[in-house]
Amino acid sequence: MKAARRGRLVVISGPSGSGKSSICRAICRFPGVEFSVSATTRRPRPGERDGVEYRFRSRREFERLVAQDALLEWARVHDNLYGTLRAPLERALRRGKTFVLEIDVQGAQTLRAKGVEGIFVFIAPPSMRDLRRRLVARGTDTPAVVERRMRNARREMRHAKRYDRVVVNDDLSRAIAEVRSILGLRASRRTGRGASSRARSRRRVA
Ligand code: 5GP
């Protein structure tokens, strides 16, 4: 009998504004690549749908997931809780998929500490000045929030050396091509229906 092909786990982290969501969105359009839809206690932003960008849960429901050991890792990020569900991950790996986790540096550290195997990729902005410019240009945050994101970013940047690869997002298409090459994704991308992303079109994982 032919042995089942085991999938692989890809961890992508990087400061807010580094472009990691856009990179994940592009990568998850390749055949055989799936996005890990995290559980979170944060409120949905306009346009976000439960089960697509995130699984939006109450604090109580999230604590129940923790108590049931349903999360492979979880962390508090910007006053909200976020966690990776074990079941979809195990299902994807059994099916031979490349399963992409877009998680923060604490989550990546937890996975490393647990000895979870995977490819750990850190997305870095070309400079802190550039990061501030991008956060301001996004126009979604107040100046105080931008400052908080900058402080978090400085802290997160110190973790970059613990990742297998650091990709500097100086140009989005180039950075996507670099991550594609790291993951060896060559086949043509899916287009239209079925394409996915965290920010707008994450694929639903049942
Ligand atoms: P946002 O609320 O802006 O979508 O995400 C905030 C941060 O939480 C980002 O750095 C994102 O990568 C991180 N994050 C999202 N899901 C998870 C998760 O399941 N675990 C951990 N540790 N971090 C997560």
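This text gives an overview of the structure that appears in the document.

Quick notes on the rules
- Note that residues are indexed from 1 along each chain, following the sequence as it is written.
- Reporting of local features is limited, given that this is a predicted model, to residues whose pLDDT is at least 70; pairs of side-chain atoms are given and counted only at 80 or more, and all residues count toward the totals for whole chains, interfaces and linings.
- The basis for every side-chain value is the complete set of non-hydrogen atoms in the structure, without hydrogens or water.
- Each axis is a line fitted through C-alpha atoms, taken for helices only over the stretch in contact, and angles between the N-to-C directions span 0 to 180 degrees.
- Per the convention used, a helix needs a DSSP run of H or I reaching at least four residues, while a strand needs a run of E reaching at least two, with both numbered from the N terminus.
- Between 65 and 115 degrees an angle is taken as roughly perpendicular, under 35 as roughly parallel, over 145 as roughly antiparallel, and anywhere else as oblique.
- Helix crossings get a hand from a simple test, with the near helix turned counterclockwise from the far one by less than a right angle marking a left-handed crossing and a clockwise turn marking a right-handed one.
- Should any heavy atoms of two residues lie within 4.5 Å, those residues are considered in contact.
- Two strands are counted as paired when DSSP detects at least two bridges linking them.
- We call a residue near a molecule or strand whenever a single non-hydrogen atom of that residue lies within 4 Å of it.
- Within 3.5 Å is the distance limit for a polar contact, defined as a pair of N or O atoms, with the added protein rule that one can donate a hydrogen and the other accept it, and that residues adjacent in sequence qualify only through two side-chain atoms.
- Accessible surface is estimated by sampling points in the Shrake-Rupley manner with a 1.4 Å probe; for residues, cover comes only from the protein chains shown.
- When residues are sorted by character, Ala, Val, Leu, Ile, Met, Phe, Trp, Tyr, Cys and Pro go into the nonpolar class, Asp, Glu, Lys and Arg into the charged class, and all the rest, Gly among them, into the polar class.

Below, the discussion takes up the packing of helix H1 (residues 20-27) against helix H7 (residues 172-183). For the pair H1 and H7, interaxial distance at closest approach is 10 Å and the crossing angle is 55°. Considering their axes alone, H1 and H7 lie oblique with respect to each other. Two packed elements cross with a definite hand, and for H1 against H7 that hand is right-handed. Note on element contacts: H7 touches H1 through Leu172, Ala175, Ile176, Val179, Arg180 and Leu183, opposite Ser22, Ile23, Ala26 and Ile27.

Let us now look at the sheet that holds strand S9 (residues 165-168). The strands making up a sheet associate through backbone hydrogen bonding, with each pair oriented either parallel or antiparallel. A sheet is described by the order of its strands in space; here five strands give the open sequence S2-S7-S1-S8-S9, paired in parallel fashion. Either end of the sheet is taken by a strand with one partner, and the two such strands are strand S2 (33-35) and S9. Ignoring strand direction, the axes of neighbouring strands in this sheet form an average angle of 25°. Relative to strand S7 (residues 98-102), S2 runs parallel, the two being bridged by three bridges.

What surrounds the ligand is a group of 16 residues, the closest being Ser38, Arg42, Tyr54, Glu73 and Tyr82. Between an oxygen atom of the ligand and a side-chain N or O atom of arginine 45, the distance comes to 3.0 Å. At a separation of 3.3 Å, an oxygen atom of the ligand approaches a polar backbone atom of glutamate 102. Summarising the interface, the protein chains cover 92% of the accessible area of the ligand, which totals 510 Å² for the free molecule. Where the shell around the ligand is concerned, the elements lending two or more residues are strand S5 (71-77) and strand S6 (80-85). Residue classes in the shell around the ligand are distributed as five nonpolar, four polar and seven charged.

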